[in-house]
Amino acid sequence: MNHTDPRLINLALQGGGAHGAFTWGVLDQLLEDGRVRFDGVTATSAGAMNAAVLAYGLMRGGADGAREALHDFWRRISAAAALTSPLRQTPVERWLGMPAERSLAFTAFESLTRTLSPYQFNPFDLNPLRDVLSRCVDFDELRGCRTTRLFISATNVRSGNVRVFRNEEVSLEAVLASACLPQLFQAVEIEGSHYWDGGFVGNPSLYPLFYFTDSRDIVVVHINPMVVDEVPKSAMEIADRVNEITFNAALLKEFRAIAFVVKLLEEGWIKDEYRPRLRHMLMHSIRADDALNSLGAASKFNCDWTFLTGLRDRGRDTARQWLGENFIHLGKRATVDLRAEYLDAEER
């Protein structure tokens, strides 16, 4: 679909392992639709990989180039997992319809990562994502990108602070750092500092979009559910929900800050001479809750091509519906009421 005047928006892409293929689908639909273009993209973990591939594809071949680059990236992820992943179910387990969380491979994997560190079970720090990313993105070229503003978040292991890598700093190591789950991989060293997954302190970090972009619209692509329908009961369900809460905590804090600033602006608490110093950002959400709520924790490691393309298609459908309902509001008003959805009653 071709449009002469696409709306400029910012994207915020969460991490979530293989569930990042849902974000691939969202991006694919937005690129195909053509009514929006991207100013800044802030991202973490799997979102950071999508962001790097997206930006590289855009600078090389526009929307069609980005769609092709994302497809190639996820196809390579699937192929690499087929050769290296220890988490594949056996044919008998698949035939019996056994949930992946109960498979022998995943049970052994859970036990291993709870007992040993990656410095013990992976002393050579092997990471198949390194080869895939290096084949899909020329990071020397990407650092010169002027078409998309990138903000990749990682967690500084020693200080616990967020480090946001901007275009000129984005490297293979920076993206790997953003996706470095400490139970699986050794901390990534960059210029003498060590980093883990950015989701601990920013999933993703929104504040760079306030300072370094032109668009007021921020579209958050949520992979980790904010709300669940049932209280988790099994040890695995509890651990998965703890991770979801942990990885959403930093984002919720930023939502509270944004809601406070919006309240100050909308209710006239700021003197006119100070108002230009505060940006009235317009928040939007594309949420995967309905599309992914039936999937367990083990599915975040499932890189089977059929599964990934299924997630992509769910992402495309969700983005198509979101555009149909919300496109007309871009640049005019927020489509998410942060105070109503994410704040307690006493904070509103």
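These numbers were taken from a predicted model, which means no experiment stands behind them. (Residues numbered from 1 in each chain as written. Predicted model: local features only at pLDDT ≥ 70, side-chain atom pairs only at ≥ 80, totals over all residues. Heavy atoms only, no water.)

Asks: Looking at this structure, how should I read the overall build of the chain?
Replies: Looking only at helices and strands, the chain features 13 helices and 8 strands. Burial analysis of the chain (348 residues in total) assigns 51% to the buried set. In the chain, the proportion of contacts linking residues at least 24 apart, taken out of those at least 6 apart, comes to 76%. Counting every atom, the chain has about 17000 Å² of accessible surface; 52% of that belongs to carbon and sulfur. (Helix = DSSP H or I, 4+ residues; strand = E, 2+ residues; numbered from the N terminus. Buried < 20%, exposed > 50% of the residue type's maximum accessible area, 1.4 Å probe, protein only. Contact = heavy atoms within 4.5 Å. Areas by Shrake-Rupley, 256 points an atom, 1.4 Å probe, with all protein chains shown as cover.)

Asks: Hey, could you run me through the nonpolar core in this one?
Replies: Most often, soluble globular proteins have nonpolar side chains that are buried together. Among the nonpolar cores identified, the biggest contains 72 residues, and L11, F38, L54, F73, F139 and L142 are the most heavily contacted of them. Top contributing element to this core by residue count: helix 2 (residues 46-84), with 17 residues. Judged by nonpolar contacts, the second largest core, of 18 residues, contains F151, L251, V336 and Y342. (Core = buried A, V, L, I, M, F, W, Y, C linked by side-chain atoms within 4.5 Å.)

Asks: Whenever I open this one, helix 6 (residues 128-136) confuses me. Can you help?
Replies: In an α-helix, one full turn covers 3.6 residues, which means residues spaced three or four apart are oriented alike. Among all positions in helix 6, only V132, L133 and C136 are buried. Projection of helix 6 onto a plane perpendicular to its axis shows the buried side chains occupying an angular sector of 95°, all on one side. (Arc of directions from axis to C-beta.)

Asks: Explain empty space enclosed by the protein to me, please; I cannot follow it from the model alone.
Replies: One water molecule sets the probe size; rolling that probe over the atoms shows where empty space is left. Enumeration according to the criterion identifies 1 cavity of 30 Å³ or more in this entry. Within this model, the largest cavity holds a volume of roughly 80 Å³. Lining the largest cavity are D125, N127, L129, R130, L176, A179, C180, F185, Q186 and V188. Here the residues of the lining of the largest cavity sort into 6 nonpolar, 2 polar and 2 charged. (1 Å grid on protein atoms, 1.4 Å probe; cavity = no way out; pocket = protein on both sides within 12 Å on 5 of 7 lines; lining within 4 Å. Points joined across faces, edges and corners; volume = space filled by probe spheres on them. Nonpolar A, V, L, I, M, F, W, Y, C, P; charged D, E, K, R; others polar.)

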